[in-house]
Amino acid sequence: MKRNISVVLPAKNEALVIGRVLAEIRVNLPDAEIVVVNDGSTDDTAEEARRAGAVVIDHPYSMGNGAAIKSGARAATGDVLVFMDADGQHDSADIRRLLERLNEGFDMVVGARDGSSQASVGRGLANRFYNRLASYMTGHRIDDLTSGLRAARAERFREFLYLLPNGFSYPTTSTMAFFRAGYPVAYVPIWAGKRVGKSHVRILKDGTRFLLIIFKIGTLYSPLKLFAPVVAVQVLLGLAYYAYTFIEHGRLSLATIFMLTSAVTTFLIGLVSEQITQLMYRSTGEEKASR
């Protein structure tokens, strides 16, 4: 089934490469709408994008990668949104493969990079850790949590715009939100090249943000999966310390009582959070059904 396609590219100081990237997109998707969000660039990114025939949205100052994605998603007119980086890492020829999978009934298709596509060994290890942690939180295998090349149905994607952070890691939030909302997600293997210019990602600061976002989304959609390991650790520590004090001193210590009661309290908080989540989804579903 043929669909109207909008390709959204957040761009900040990409004047050296944006023209070539847009020309390649036009070759591979001649009928697609191309939306470039100029996120406060200090070079000629906006001019180069307009010269290449793209619709350009200008941010008066740098608002962040996620903010650019949200601006592009709101402005795009296609019923399928394709997101890709403007720095030359992605091959626009891969977009057709993503769209083919999307037409098989998926709501989002993500380009999953192989190990050789990672910018560094450290970032590759970090991404592998994020993938496994997010897979546990969502209950689904996640092959590439942070890939910036993805295609999604516009109606579905816009449901989660309010969740997306203004900074980096919109891929993290959107992927986990789709999985936890029950929207089917597929992965297509891709190879990503080296970016042109300097990366805007700060490993330590943005890596910490990725972890916080995973926990926030996990708490929002599956609280018990986050609270259960904490409860288990508290119970094991409490029982272990009880065994030690009983063997050594023949008594039950206050520390053991504190850890066990803390475990019960943490479990109850997780249980209440889970019920709130279920009520939230029920009310959201009823609101959609009434439209």
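In what follows, the structure referred to is the one given above.
Per chain, residues are indexed from 1 in the order of the written sequence. Thresholds applied to this predicted model are a pLDDT of at least 70 for local features of residues and 80 or more for the giving and counting of side-chain atom pairs; totals over whole chains, interfaces and linings are not thresholded and use all residues. Values reported for side chains reflect all heavy atoms of the structure, with hydrogen atoms and water molecules removed beforehand.

Draft legend 1. Just the packing of aromatic side chains, in detail. When the centres of two rings from Phe, Tyr and Trp lie within 6.5 Å, Trp using its six-membered ring, the rings pair. Their planes under 30 degrees apart give stacked, over 60 give edge-to-face, and anything left gives tilted. All told, the structure shown has 7 aromatic pairs when counted by the stated rule. Between F83 and F157, the aromatic rings sit 4.6 Å apart at their centres with planes inclined by 35 degrees, giving tilted as the arrangement. Here the residue F83 occupies a position in strand β4 (residues 80-83), and F157 occupies one in helix α6 (residues 154-158), the gap between them amounting to 74 residues. Neither residue differs from the other here; F83 and F157 are each classed as buried. An aromatic cluster is built from F83, F157 and Y170, whose rings are joined through pairwise contacts. Note on criteria: charge over ring means Lys NZ or Arg CZ within 6 Å of the ring centre, with the direction from the centre no more than 35 degrees off the ring normal. A cation over a ring is seen here: K225 above Y136, with NZ or CZ 5.9 Å from the ring centre. Here a strand is any run of E in DSSP of at least two residues, a helix any run of H or I of at least four, and the numbering for each starts at the N terminus. When accessible area is computed with a 1.4 Å probe and restricted to protein chains, residues below 20% of their type maximum are described as buried, those above 50% as exposed, and intermediate ones as partly exposed.

Draft legend 2. Region of the structure containing the environment of T219. Mapping T219 onto the fold places it in helix α8 (residues 203-221). Note: C-alpha distance between T219 and G270 (51 residues apart in sequence) is 8.8 Å. Residues contacting T219, with those up to four places away along its chain left out, are L226 and T277. Whether two residues are in contact is decided by their heavy atoms: any pair within 4.5 Å suffices.

Draft legend 3. Summary view of the nonpolar core. In this structure, L81, F83, M108, F157, F178, V185 and Y187 are the most contacted members of the largest nonpolar core, which totals 33 residues. Those elements that provide at least two residues to this core are β2 (33-39), α3 (65-75), β4, β5 (108-113), α5 (121-138), α6, α7 (170-180) and β7 (185-190). The greatest single-element share of this core, amounting to 5 residues, is contributed by α7. Residue contacts for V185: discarding those within four places in its chain leaves F106, M108, V110, F178 and F179. For our purposes a nonpolar core is just a set of buried Ala, Val, Leu, Ile, Met, Phe, Trp, Tyr and Cys residues, chained together by side-chain atoms within 4.5 Å.

Draft legend 4. Quick peek at unusual backbone geometry. The residue N13 is not glycine, and still its phi comes out positive at about 55 degrees. Here N13 shows up in the loop between β1 (5-11) and α1 (18-28).

Draft legend 5. Broad picture of the side chain of D94. Assignment of secondary structure puts D94 in helix α4 (residues 94-102). D94 gets classed as buried once you look at its relative accessible area, which sits at 10%. Not counting the four nearest positions on each side in its chain, D94 is found in contact with L149, I190 and W191.

Draft legend 6. Representation of the sheet that holds strand β3 (residues 55-59) in the model. Spatially, 7 strands are ordered β3-β2-β1-β4-β6-β5-β7 in an open sheet, and the strand pairing comes out mixed. In the strand order of this sheet, the two ends are held by β3 and β7, each with one partner. When the angles between neighbouring strand axes are averaged without regard to direction, this sheet yields 20 degrees. Any two strands with at least two DSSP-identified bridges between them are counted as paired. Where β1 lies against β4, 4 bridges are found, and the strand directions are parallel. When the sheet's bridge partners are listed, V7 is paired in β4 with V82. Structural elements are reduced to axes, namely lines fitted to C-alpha atoms, with helices fitted over the stretch in contact, and the angle between N-to-C directions of any two is expressed from 0 to 180 degrees. Packing of α7 onto the sheet brings it into contact with β4, β5, β6 (150-153) and β7, and relative to β6 it is tilted by some 45 degrees.

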